[in-house]
Amino acid sequence: MLVTTTPTIEGLRIREYFGVVTGEAILGTNVFRDFFAGIRDIVGGRAGAYENALREARETALSEIQAEAQALGGNAIIGVDIDYETISIGDRGGMMMVSASGTAVFVE
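Residues numbered from 1 in each chain as written. Predicted model: local features only at pLDDT ≥ 70, side-chain atom pairs only at ≥ 80, totals over all residues. Heavy atoms only, no water.

Taking an unreviewed UniProt entry as the reference, the chain is identified by name as UPF0145 protein J2R99_000480 belonging to Rhodopseudomonas julia.

As structure tokens, this is what we get:
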């Protein structure tokens, strides 16, 4: 399935619009991951555990919109937007949320 952030797909004609499709993935943050990411932030470098978690969440959200678009009869999704948020749960830590949305279409 074609998935793009653009409102059109060059060389293809949109034959039908099926509407907005959305997908979300919420991942809890692990205490040890938070601890080691904090150390990594102090000494510099990349927080690999967070990067992997965000990558997994993004892939999940995109898979959800593709499944929803396919169920509607679409073969592409245009105008895709991906948002990243953190949800704080007081002193118990937090969660990461990735949401994706776009318009399901049939192109030819």
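A.B. asks: For this particular structure, what's the right way to read the nonpolar core?
C.D. replies: When a protein is soluble and globular, its nonpolar side chains tend to lie buried together. Among the nonpolar cores identified, the biggest contains 15 residues, and V21, I65 and I77 are the most heavily contacted of them. For this core, the leading source of residues is helix α2 (residues 48-72), giving 6 residues. For I65, the residues in contact, after removing those within four places along its chain, are V21, T22, G23, I77, V80 and A100. If you look at the next biggest cluster of nonpolar residues, it comprises 6 residues, including I9, I14, I78 and V105. (Core = buried A, V, L, I, M, F, W, Y, C linked by side-chain atoms within 4.5 Å. Buried < 20%, exposed > 50% of the residue type's maximum accessible area, 1.4 Å probe, protein only. Helix = DSSP H or I, 4+ residues; strand = E, 2+ residues; numbered from the N terminus. Contact = heavy atoms within 4.5 Å.)

A.B. asks: I keep staring at the environment of L2 and nothing clicks. Help me out?
C.D. replies: Considering the arrangement of structural elements, one finds L2 in strand β1 (residues 2-3). Under the relative-accessibility criterion, L2 is labelled partly exposed at 41%.

A.B. asks: Whenever I open this one, a nonpolar patch on the surface confuses me. Can you help?
C.D. replies: Together, I26, I87 and I89 line one region of the surface with nonpolar side chains, adding up to about 210 Å² of accessible area. Here I89 falls in the partly exposed class, since its relative accessible area comes to 30%. (Patch = residues over 30% accessible without salt bridge, like charges linked within 9 Å, V, L, I, M, F, W, Y side chains within 5 Å. Areas by Shrake-Rupley, 256 points an atom, 1.4 Å probe, with all protein chains shown as cover. Salt bridge = Lys/Arg side-chain N within 4 Å of Asp/Glu carboxyl O.)

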